[in-house]
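# Summary of the model geometry
Listed here are the chains, written in short residue letters.
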Amino acid sequence: MAKAIPRTGSRRNVRIGSRKSARRIPKGVIHVQASFNNTIVTVTDVRGQVISWSSAGTCGFKGTRRGTPFAAQTAAANAIRTVVDQGMQRAEVMIKGPGLGRDAALRAIRRSGILLTFVRDVTPMPHNGCRPPKKRRV
């Protein structure tokens, strides 16, 4: 079965302007997800639409280096650099996960010049939910 060749004048292929840089966002939410293997930093507006994101993996760290505090600091600085250019002054920070990058990412966010309204830990805690796997015998 041959693939259909898209027409050059069709609407799907034509990008209408640059929407990312046109919006001015004065206030936003910074989500930091710090696992043991990686740290993901996502910046959204107050409605939850993603404006910018970065992770230790996209910053060029490979393997076990992705879980380090320096990688988290670099990822946070990368994600915030674009939203500061769009005019973000105030932000709320939501931190999730037990990883090493929690504190380093928060330190990088504080250093960026954005005024933080509050910092909240949203790590999911089970109320004795699932049964844990059996203990390893080595």
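To be clear, the structure that these remarks concern was listed above.
The notes below deal with the structure included here.

Cut-off values and rules
- Residues numbered from 1 in each chain as written.
- Predicted model: local features only at pLDDT ≥ 70, side-chain atom pairs only at ≥ 80, totals over all residues.
- Heavy atoms only, no water.
- Pairing = 2+ DSSP bridges.
- Helix = DSSP H or I, 4+ residues; strand = E, 2+ residues; numbered from the N terminus.
- Axes fitted to C-alpha atoms, helices over the stretch in contact; angles between N-to-C directions.
- Contact = heavy atoms within 4.5 Å.
- Expected span 1.5 Å × (residues − 1).
- Buried < 20%, exposed > 50% of the residue type's maximum accessible area, 1.4 Å probe, protein only.
- Arc of directions from axis to C-beta.

Another aspect to go through is the sheet that holds strand S3 (residues 50–55). Backbone-to-backbone hydrogen bonds pair the strands of a sheet. The strands run either parallel or antiparallel. Across the sheet, five strands lie side by side as S3-S2-S1-S4-S5; this open sheet has mixed pairing. Edge positions in the open sheet fall to S3 and strand S5 (115–121), since each of these has one partner strand only. Between one strand axis and the next, the sheet turns through 15° on average, direction left out of account. On the sheet, helix H2 (residues 69–85) packs against strand S1 (27–34), strand S2 (39–45) and S3 and is oriented at approximately 155° with respect to S3.

This brings us to H2. Here H2 contains 17 residues, and its C-alpha end-to-end distance of 25 Å stays within 8% of the 24 Å for a straight helix at 1.5 Å per residue. Considered for burial, the residues of H2 that qualify are Ala71, Ala72, Ala75, Ala76, Ala79, Ile80 and Val83. One side of H2 carries all its buried residues, which in axial view fall inside an arc of 155°. Exposed residues on H2 whose side chains face more than 90 degrees from its buried face are Phe70, Arg81 and Asp85. Among the structural elements, S1, S2, S3 and helix H3 (101–111) are those in contact with the buried residues of H2. Following H2 by one or two positions, Gly87 has its phi on the positive side, about 95°.

We now examine H3. Those residues of H3 that sit buried are Gly101, Ala104, Ala105, Leu106, Ala108 and Ile109. The inward-facing, buried residues of H3 contact S1, S2, H2, strand S4 (90–96) and S5. Downstream of H3 by a residue or two, Gly113 has a phi angle that is positive, lying close to 100°.

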